[in-house]
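Here's the letter readout for the chains.
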Amino acid sequence: GREAGEARVADELVGRAAKGKLPLVVGDSTLYDSAIGAQTLRPNPPSLLLVGPSGAGKTTLVRRMAFHHLAAKKDGEAAPPRIYSTSKDRIIAGMTYLGMWQERCIKLARELTDDGDYLHIGSLSGILEAQHDGATIADFFEPGLADGTLRMIVECTLEELERARRARPGFIQHFTIVRVDEPSAVETITLSLAYARRKQIDIHPSAMKRLVRHLTSLERGVAFPGKALRFVDWMALESKGEAKKLYPRDASEAYSRYSGVPLTLLSDDVAAGAGDLAKLLKAHGIGQDA
């Protein structure tokens, strides 16, 4: 039936939240409250394009939406929208013969038509990528988007959005764009401390401030809060339930193990002389002593 068909290619996030199988979200979100929350439960909600850097929290907003819809269900609202989450790779997985993945897209779009449920896809570029026959996954979802019978939530970076606007401007016009910006350092520290408490990691605020400084300097390819929360996840695995409060020096030592960057280059508590820096450079540059 319908549920079985979608289960093969998508995870239903509201149902996973009800079963305790969806990662919890931490803190409040003014962006969700102002730009997403209310309108996804109203009649004829829009399709959403979440635009922001990797790590800024686009997928977390989708999980937050699932918990919000679950709460509406508990409060007695009639059948709040479900959220089916999939990806390009899951849609085309195992589709080896001509026409198979296209038929899967048609069936998925048909099953979601007019139900008010959402189809979540984590990469805009993936569904706009031409397959072997030149068609794209987006081609099969666009008619439903155009007539309002299909609702989607799609994620992308600003660079992906700019490319898509040049290549498929008509497809982008079917979405309400929601900008998901990186939080400030203060917001990141507050959120990371709350997340660390949930993970039973006791980090002093000054230690978290130092960690944010390390992450800002050395991991520029991923945005906050994602890279900070990922480090806390690593800390939780490393601590193995040991109760210990982390101060700035401890945090720098931990980040040195996490990143491989020598402590002498990280910590304000450990002096690094010219000899130390020369030794580090020599270790990574072959035949370049001078």
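Look up a bit, the structure's there.
Procedures and definitions
Residues numbered from 1 in each chain as written. Predicted model: local features only at pLDDT ≥ 70, side-chain atom pairs only at ≥ 80, totals over all residues. Heavy atoms only, no water. Helix = DSSP H or I, 4+ residues; strand = E, 2+ residues; numbered from the N terminus. Buried < 20%, exposed > 50% of the residue type's maximum accessible area, 1.4 Å probe, protein only. Areas by Shrake-Rupley, 256 points an atom, 1.4 Å probe, with all protein chains shown as cover. Lys, Arg positive; Asp, Glu negative; His and termini not counted. Charge placed at Lys NZ, Arg CZ, Asp CG, Glu CD. Polar contact = N/O pair within 3.5 Å; in protein donor to acceptor, adjacent residues only side chain to side chain. Contact = heavy atoms within 4.5 Å. Axes fitted to C-alpha atoms, helices over the stretch in contact; angles between N-to-C directions. Parallel < 35°, antiparallel > 145°, perpendicular 65-115°, else oblique. Nonpolar A, V, L, I, M, F, W, Y, C, P; charged D, E, K, R; others polar. Salt bridge = Lys/Arg side-chain N within 4 Å of Asp/Glu carboxyl O. 1 Å grid on protein atoms, 1.4 Å probe; cavity = no way out; pocket = protein on both sides within 12 Å on 5 of 7 lines; lining within 4 Å. Points joined across faces, edges and corners; volume = space filled by probe spheres on them.

Glancing now at the overall build of the protein chain. Each helix and strand counted, the protein chain has 16 helices and eight strands in total. For the protein chain, the C-alpha atoms occupy an extent of roughly 65 × 50 × 30 Å along the three principal directions. Counting only residues that meet the buried cut, the protein chain has 44% of its 290 residues in that class. For the protein chain, the exposed surface amounts to about 15500 Å²; the carbon and sulfur share of it is 53%. Positive and negative charge centroids in the protein chain, built from 39 and 37 side chains respectively, lie 3 Å apart.

Let us now look at the environment of Lys58. Looking at the element boundaries, Lys58 is found in helix 4 (residues 58-74). Under the relative-accessibility criterion, Lys58 is labelled buried at 9%. Between the C-alpha atom of Lys58 and that of Ala72, which follows or precedes it by 14 residues, the distance is 21 Å. Among the polar contacts listed, one links the side chain of Lys58 to the backbone oxygen of Gly52, at a separation of 2.9 Å.

Its location among the elements puts His120 in strand 4 (residues 118-121). The buried category is assigned to His120, whose relative accessible area is 4%. A distance of 2.8 Å separates the side chain of His120 from the side chain of Glu155, its partner in a polar contact. When residues no more than four places from it in sequence are discounted, the contact partners of His120 are Val62, Ile83, Tyr84, Ser85, Thr86, Ile153 and Glu155.

Running from N to C, helix 3 (residues 30-37) and helix 4 point in directions that differ by 70 degrees, and their axes come no closer than 11 Å. By the angle between their directions, the pair helix 3 and helix 4 is classed as roughly perpendicular. Contact residues: Leu31, Tyr32, Ile36 and Gly37 in helix 3; Leu61, Arg64, Met65 and His68 in helix 4. Residue composition of the contact of helix 3 with helix 4, grouped by class: five nonpolar, two polar and one charged.

On to the pattern of salt bridges. Across all of its chains, the model carries twelve salt bridges by this definition. Between Arg82 and Asp117 there is a salt bridge whose closest N-O contact spans 3.2 Å. Pair noted here: Arg82 is in the loop between helix 4 and strand 3 (83-86) and Asp117 is in the loop between helix 6 (100-112) and strand 4, with a separation of 35 residues, a long-range link. Residue Arg82 is classed as partly exposed on the basis of its relative accessible area of 27%. When salt bridges that share partners are traced, they join Lys88, Asp89 and Glu129 into one network.

Here the largest pocket is characterised by a volume of approximately 1000 Å³. Elements with a contribution of two residues or more to the lining of the largest pocket: helix 3, helix 4, strand 5 (151-156), helix 11 (185-198) and helix 13 (226-239). Here the lining of the largest pocket is built from residues that sort into 16 nonpolar, 14 polar and twelve charged. Computed from the structure, the second largest pocket encloses a volume of approximately 300 Å³. Around the second largest pocket sit 16 residues that line it, and Met235, Ser239, Glu242, Lys244 and Leu246 are the ones nearest its centre. Mapped by element, the contributors of at least two residues to the lining of the second largest pocket are helix 13, strand 8 (245-246) and helix 14 (248-259). The element best represented in the lining of the second largest pocket is helix 14, accounting for four residues. Looking at side-chain class alone, the lining of the second largest pocket contains five nonpolar, three polar and eight charged residues.

Any link to function would need more than the numbers given here.
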